[in-house]
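Descriptive structure summary
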2 protein chains.
Amino acid sequence: LKEGKQDTFHDIIKDLQPFDVAVQFKELPVKHRPLFLEFLTIKELTELLRHLNQDEQLHVLRVIGPERSTAILGMMKNNDLAFLLTGLPKAQVDELIAEMKQEEMDNIVSIMNYPPKTAGRAMTKRYIWIHSSYTVDRAVSKLKHFANLATYLNYLYVIDDEKKLIGVVSYRDLLLAEPHALIVDIMSCNLITADVLMKQEQVAKLIAHYDYVSIPVVDETTILVGIITVDNVLDIVVREANEDIEMLLASGKAIDFKTKPLVAAKKRLPWLILLLFIGLISGSIISRFEATLEQVVALAFFMPMIAGMTGNTGTQSLAVVVRGLVTEDLSFKKSLKLLVRELIVGILIGVTCAILIAVIAYVWQGSFVLGIVVGSSLLATLIIGTIAGTIIPLVLHKFNVDPAVASGPLITTINDILSLLIYFEIATMFISKLM
Amino acid sequence: LKEGKQDTFHDIIKDLQPFDVAVQFKELPVKHRPLFLEFLTIKELTELLRHLNQDEQLHVLRVIGPERSTAILGMMKNNDLAFLLTGLPKAQVDELIAEMKQEEMDNIVSIMNYPPKTAGRAMTKRYIWIHSSYTVDRAVSKLKHFANLATYLNYLYVIDDEKKLIGVVSYRDLLLAEPHALIVDIMSCNLITADVLMKQEQVAKLIAHYDYVSIPVVDETTILVGIITVDNVLDIVVREANEDIEMLLASGKAIDFKTKPLVAAKKRLPWLILLLFIGLISGSIISRFEATLEQVVALAFFMPMIAGMTGNTGTQSLAVVVRGLVTEDLSFKKSLKLLVRELIVGILIGVTCAILIAVIAYVWQGSFVLGIVVGSSLLATLIIGTIAGTIIPLVLHKFNVDPAVASGPLITTINDILSLLIYFEIATMFISKLM
């Protein structure tokens, strides 16, 4: 198939979607890739690049040489370009940017100047604006002129003399209107916009709540600076979900099926080593109560259960808070309500489990006092675990720290240590009756 | 504001987005709600309903009475309607459906007959089809006629005489084409479609990969049966992510900020009680080794560390597999490669942590043999934990069980029990040298 004619190759490629071309490319043996790339047009190469990761993108740019690279960079959507450039060494960025047209260059630089994870970073400048005084006819002819640019868009953005965004017109509005109608008469002024410094998570909430396919991004003077499309939002939502899981389970940042073993191990080790020391703190608590433990070895039988359950109630509450924040905003009043709810849940869960374990401990070990000790410890630790799992992420959120960041490891630590302390304190209090 | 005139009320409402109206409605004291609803038009009520949860929807329908309810049900997108009806008692469903037009009713019934979580359940039938023999003019006039229906769409779907889907035409294509051009000449035939029984997760992958705003759904004979839009996909993606987290952390299904304490406690208790018994199994393992533990109480100090670390390596691997499956499909070859990668990661992590803990144990407790026992136990359990965390979700996925379903609790159980068994077996082997 590949060892041959460009014509037949193109017949096949042109029937494929860009994503499928990218899949084909990745499955190709490395030695055939240069020929594959040589056969593609600039447009096809640009589309291909969108579906590759950063390393693969750089590899392709190197293979095809500077001339075609420049042409491609000129055609890329500028948020994709900003993504490509993020994290590259400064020298390489300058080299790539130097080849670009002035206007494109300014766009990229301005996008890369916004803080990470803000709307500014995710937006594209490839939208079409029209002035409110245009007629429908004139708007359509502008659309025709920039048709290439606007493949994935469905709106034209209406601005006034000061470049302020004052409305939007959908393609559908244009189709339904008379050719000589004025844009100002058919446009929709009922706008939802994103501030350029808004968090991407927040933008995702807006788009999801209002069911939009794109949202205009404005600066503090309501001047239109870009748009964010739903395909980017979908990426943002998946990325945020993965980050939440990575943090909640401390499973290591951005490890996928292709990450090299050494890299994956390095990303996971920090948390495991931290956990090792946390485990040792628990151990040293146990060692402080060595006398108690030596007198009643049966106490050790219930340690894994108490620590495990406390850790788990904590992460249960944590998960509810972290994921709840994805779809809802929390006022102070709502937070307080949530806290009371979780307190009640903690008590309900605590009482149920405490009674259950007290009976089991009594039947298993034949000691009524042991049942009381284990049961009351569990009641106390479950309530504390639930509250810790709720308060910590709320406080982190209040101080604008992503609640998932520190709280997975944090809550496990705190609950582990607290639960053992409580358990052994109570046990030591009753030690004379336990023996 | 609310105690008065319908006119001023409407002036305010008509400038608001439906989502904001819903927010206003929810914040209203219950006694003012009937008046609020009375003031809304049927169209506004329909939009309002989209942004409420099932209980709130039913409440609204009850308040406004059967006549207006029927009018609203007739205007709802039918996937939203199917959502409203899902989970209602059969009698109530029949009552609601009985009021509807025959055609609408058939649509709903057909959508509700698809299995949950398939494309069929998420699709809407509110798309516009055109025949390939139409001219652009005729297509636009059909669009005008059904304009109300097609608010959120950007494509017309082109079918042949047998109702088979053969192409799509975007509004943009229509704007750019000559009025007398034939649809068959301007349509795009390069179609990505979803099968009606395809899993919703899979549909979300398609839309994300190809950057679409909607995707047509076809049956096995490529007859067009509906479309799925990106706003639904966004909901699906968020829901799947939440489900993954709920499962991975066993945090209880669909608990949000508004869930009542009793309901939340009931949802979380099953897993906690399961965990309680798992903890007791660990306890009974410890009790089997009571003699060993009585002789060397110091062994207890390292128990929390070993169990905690093993559990965590397992969930780390698990999280990588579960979230990886969201964006990628896994062949047998890829699974094997992943397994080998995780094995190497397990060995790397195991060796690092084992050496570290052996040194610490030696320095802390002054026993070289204890260092060897703890270190070699940790090495073994970390490797096993990693492998278990990888194999179990892969096997579940192979047998079409959502890998997140059973594996969070499952892996914690297995790793807890295995790690204690290994630790005490090794310790008992060396017991004469430990004392």
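Residues numbered from 1 in each chain as written. Chains lettered and ligands numbered in written order. Predicted model: local features only at pLDDT ≥ 70, side-chain atom pairs only at ≥ 80, totals over all residues. Heavy atoms only, no water.

**Quick notes on the overall build of chain A**
- Looking only at helices and strands, chain A features 21 helices and six strands.
- Out of the 435 residues belonging to chain A, those deemed buried represent 54%.
- Across chain A, contacts joining residues at least 24 apart in sequence account for 66% of those joining residues at least 6 apart.
- Of the roughly 19,000 Å² that chain A leaves accessible, carbon and sulfur atoms contribute 62%. (Helix = DSSP H or I, 4+ residues; strand = E, 2+ residues; numbered from the N terminus. Buried < 20%, exposed > 50% of the residue type's maximum accessible area, 1.4 Å probe, protein only. Contact = heavy atoms within 4.5 Å. Areas by Shrake-Rupley, 256 points an atom, 1.4 Å probe, with all protein chains shown as cover.)

**A look at the environment of Met 305 of chain A**
Residue and element names in this part refer to chain A.
- Within the secondary structure, Met 305 is located in helix H17 (residues 298-327).
- According to the relative accessible area criterion, Met 305 is buried, its value standing at 1%.
- For Met 305 and Val 374, which are 69 residues apart along the polypeptide, the C-alpha to C-alpha distance reads 10.0 Å.

**Notes on the interface of chain A and chain B**
- Facing 112 residues of chain A, the contacting portion of chain B comprises 112 residues.
- Per-residue buried area on chain A facing chain B is highest for Leu 175, Phe 257 and Arg 268 of chain A; these three make up 9% of the total on that side.
- Scanning the region where chain A abuts chain B turns up two salt bridges.
- Across the salt bridge formed by Arg 268 of chain B and Glu 342 of chain A, the nearest N and O atoms sit 2.8 Å from each other.
- Counting every contact that joins chain A to chain B gives four residue pairs in polar contact (both at pLDDT 80 or more).
- Here the side of chain A that touches chain B is composed, by residue class, of 68 nonpolar, 25 polar and 19 charged. (Buried area = accessible area lost by both parts, 1.4 Å probe. Salt bridge = Lys/Arg side-chain N within 4 Å of Asp/Glu carboxyl O. Polar contact = N/O pair within 3.5 Å; in protein donor to acceptor, adjacent residues only side chain to side chain. Nonpolar A, V, L, I, M, F, W, Y, C, P; charged D, E, K, R; others polar.)

**Some details on unusual backbone geometry**
All names here are of chain A.
- For Thr 222, which is not a glycine, the phi torsion comes out positive at approximately 60°.
- Inspection of the secondary structure puts Thr 222 in the loop between strand E5 (214-218) and strand E6 (224-229).
- By relative accessible area, Thr 222 is classed as partly exposed at 37%.

**Things to note about the environment of Ile 245 of chain B**
All names here are of chain B.
- Relative to the assigned elements, Ile 245 resides in helix H14 (residues 230-249).
- Residue Ile 245 is classed as buried on the basis of its relative accessible area of 2%.
- Counting along the chain gives 78 residues from Ile 245 to Arg 323, while the straight-line C-alpha distance between them is 9.9 Å.

**Some words on the environment of Met 309 of chain B**
- Here Met 309 of chain B shows up in helix H18 (residues 303-327).
- Along the sequence, Met 309 of chain B and Thr 381 of chain B sit 72 residues apart, while their C-alpha atoms lie 8.6 Å from each other.

**Considerations on the relation of the copies chain A and chain B**
- For the pair chain A and chain B, the relating rotation is 180°, the translation along its axis is 0.0 Å, and the fit reaches an RMSD of 0.1 Å. These values place the two chain copies in the arrangement generated by a two-fold rotation axis.
- Here 100% of the contact residues of chain A are again contact residues in chain B; the copies associate through an equivalent surface. (Least-squares fit on C-alpha atoms with pLDDT ≥ 70 in both.)

**Focus on the pairing of strand E2 (residues 155-159) of chain B**
All names here are of chain B.
- The element E2 is extensively covered by neighbouring structure, given that four of its five residues are classed as buried.
- One ladder, built from three bridges, connects strand E1 (residues 129-131) with E2; its direction is parallel. Its bridge partner lying in E2, His 131 is registered against Ile 159.
- As paired elements, E2 and strand E3 (residues 165-170) share five bridges and run antiparallel to each other. (Pairing = 2+ DSSP bridges.)

**So, a nonpolar patch on the surface**
Residues and elements named next belong to chain A.
- Where nonpolar side chains cluster on the molecular surface, the patch consists of Leu 343, Ile 347, Val 351, Ile 355, Val 359, Tyr 362, Val 363, Phe 368 and Ile 372 and spans about 830 Å² of accessible area.
- When contributions to the nonpolar patch are tallied by element, the ones reaching two or more residues are helix H18 (332-365) and helix H19 (368-398).
- Among the elements that line the nonpolar patch, the one with the most residues is H18, at seven residues.
- Within the secondary structure, Leu 343 sits in helix H18. (Patch = residues over 30% accessible without salt bridge, like charges linked within 9 Å, V, L, I, M, F, W, Y side chains within 5 Å.)

**Focus on helix H20 (residues 368-398) of chain B**
- Its 31 residues give H20 of chain B an end-to-end C-alpha distance of 45 Å, which sits within 8% of 45 Å, the value for a rise of 1.5 Å per residue.
- Residue Asn 400 of chain B follows H20 of chain B closely and has a positive phi angle near 65°. (Expected span 1.5 Å × (residues − 1).)

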